[in-house]
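Residue-level listing of the chains:
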Amino acid sequence: MTITISWQAYWELFQETIERSQHPNPDDAMDVVYKYPQALGQGYLRQIELREGLVLSILNLQLSDRLIIQAPQREHGFEWNFNFTGQSQNKLAAISDGQYIFYGSGLAPKETINCSIQPALGVGFEIEPELSNQLLRSFVGDPDRELPPELKSLIRQPDQEYCCRSGTATQAMQTVARQILQCPYQGIAKRMYLEGKVLELMGILVAQEVEIQNGNSKPLPLKPDVVDRVYHAREILLQKLDNPPSLIELARQVGLNDYLLKQGFRACFGTTAFSYLHHYRLEQAHQLLKTKNMKVSEVAKAVGFVNQSYFAAAFRKKFGLPPKEYQIQQKKSV
């Protein structure tokens, strides 16, 4: 079943959850957790207004059905969203696990946004159009605050369609996103820390934009059919976490040779097929340890790790804690 809903009706459903919202920090009325509307699924949307016009969001949900949101044409500011897990697609781009999407300011087109029923965990920020312009120009080392040519596409007029870019998140992006989720502070310190992380992400995005505009970072061109086959290969891997096929067998299943599959996977996801699988397994384990009452050995087996010692070492390397210690920490925080 598919649920189709208008943009306005979607956000009105959130307004109905305000009375049931929670404040993670009672002293910060601008940090609010909204329960996800039961008509659509389970989970929450946490929004932290760091300053007027700058909102940080954390989304953790499981949709009950595939969701289609019909969005109208609208004025738009800077926005960046990263998916630890989850898939969505709009008129200009599609993102899935480990990927991000970034918009400059300008006009968002009338579009249909498709969201899959895969569990979704993501981090993002949005800056209102006027503040987007002011904020970016405030960092220009020029008395006239004139943006360099390679960055002018990020600031467009309200009647010009915004620029949109998506891709596999760099390690630096993923690290900052994880730090946002694990923010250790409260009160003023929390807000300063999180705003610093938003600025850090903007710095990464601006640096990428300069590289792209100067021709130093060009994605590998792939035929649409090859891209479809690479995405199919990824789905096969994720469906067989406990017993994935070899690269040659995977290539055969999707109708590519192993060289083109390796080349395509790196172009689409920025890493090798089995490095992608390794990190996906760890992300799934992280979620299971957080949300399910399972033994560490059961979690390791569920996500495809045969050797529990190797799993523990890999988990600690990625998340900074051994899996058992992380699980105990999560139970104490409930």
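Please refer to the structure higher up on the page.
Quick caveat, the model's predicted, so the values are computed rather than measured.

**Q** Looking at this structure, I do not really get the packing of helix α5 (residues 224-239) against helix α6 (residues 247-254). What am I missing?
**A** A packed helix pair is summarised by two numbers, namely the angle formed by the two axes and the spacing between the axes. Across the interface, α5 lies against α6 with an axial gap of 9 Å and an inter-helix angle of 125°. On the basis of their axis angle, the class for α5 and α6 is oblique. Of the two possible hands of crossing, α5 and α6 adopt the one that is right-handed. When α5 is examined against α6, the residues R229, H232, A233, I236 and L237 are found in contact with a partner set consisting of L250, Q253 and V254.

**Q** I tried to follow a negative patch on the surface on my own but got confused; where do I start?
**A** A grouping of E52, E126, E128 and E130 is seen on the molecular surface, where their side chains present a negatively charged patch. With respect to the helices, strands and loops of the structure, E130 is situated in helix α2 (residues 129-138). By relative accessible area, which is 61% here, E130 ends up exposed.

**Q** Whenever I open this one, the sheet that holds strand β10 (residues 99-103) confuses me. Can you help?
**A** Strands in a sheet are paired, the pairing made by backbone hydrogen bonds, and the direction either parallel or antiparallel. Across the sheet, which stays open at both edges, the 7 strands sit in the order β2-β3-β4-β13-β7-β10-β14 with antiparallel pairing between neighbours. The open sheet has two edge strands, β2 (31-35) and β14 (164-168), and neither has a second partner. Sheet twist, expressed as the mean angle between neighbouring strand axes with direction ignored, is 15°. Sheet topology places strand β3 (residues 41-51) next to strand β4 (residues 54-63); 10 bridges connect them, and they run antiparallel. Across the sheet, the residue bridging to Q42 is Q62, located in β4.

**Q** Explain the packing of α6 against helix α7 (residues 258-269) here, please?
**A** Remark: α6 packs on α7, axes separated minimally by 9 Å, with the N-to-C direction vectors making an angle of 90°. In this view, α6 runs roughly perpendicular relative to α7, as classed from their interaxial angle. Between α6, through L247, I248, L250 and A251, and α7, the contact on the second element is made entirely by D258, L261 and K262. The class makeup of the residues in the contact of α6 with α7 is 5 nonpolar, no polar and 2 charged.

**Q** It is not clear to me how the pattern of salt bridges should be interpreted in this structure. Could you clarify?
**A** Oppositely charged side chains can pair when the atoms bearing their charge come close. Inspection of every chain in the model, using the stated rule, returns 14 salt bridges. The closest approach of N and O atoms between R46 and D31, which form a salt bridge, is 2.6 Å. Placement of R46 in strand β3 and of D31 in strand β2 is noted, with a sequence separation of 15 residues between them. You can call D31 buried: its relative accessible area is 0%. Between D31 and K190 there is a salt bridge whose closest N-O contact spans 2.7 Å. With D31 in strand β2 and K190 in helix α4 (residues 187-213), the pair connects residues that are 159 residues apart, well separated along the chain. Of the two residues, D31 and K190, neither departs from the other in class, the shared state being buried. Several salt bridges share partner residues, and in doing so they unite D28, D31, R46, K190 and R191 into one network.

Reading the values: rules and limits
Residues numbered from 1 in each chain as written. Predicted model: local features only at pLDDT ≥ 70, side-chain atom pairs only at ≥ 80, totals over all residues. Heavy atoms only, no water. Axes fitted to C-alpha atoms, helices over the stretch in contact; angles between N-to-C directions. Helix = DSSP H or I, 4+ residues; strand = E, 2+ residues; numbered from the N terminus. Parallel < 35°, antiparallel > 145°, perpendicular 65-115°, else oblique. Left-handed = near helix turned anticlockwise from the far one by under 90°. Contact = heavy atoms within 4.5 Å. Patch = residues over 30% accessible without salt bridge, like charges linked within 9 Å, V, L, I, M, F, W, Y side chains within 5 Å. Areas by Shrake-Rupley, 256 points an atom, 1.4 Å probe, with all protein chains shown as cover. Salt bridge = Lys/Arg side-chain N within 4 Å of Asp/Glu carboxyl O. Lys, Arg positive; Asp, Glu negative; His and termini not counted. Charge placed at Lys NZ, Arg CZ, Asp CG, Glu CD. Buried < 20%, exposed > 50% of the residue type's maximum accessible area, 1.4 Å probe, protein only. Pairing = 2+ DSSP bridges. Nonpolar A, V, L, I, M, F, W, Y, C, P; charged D, E, K, R; others polar.

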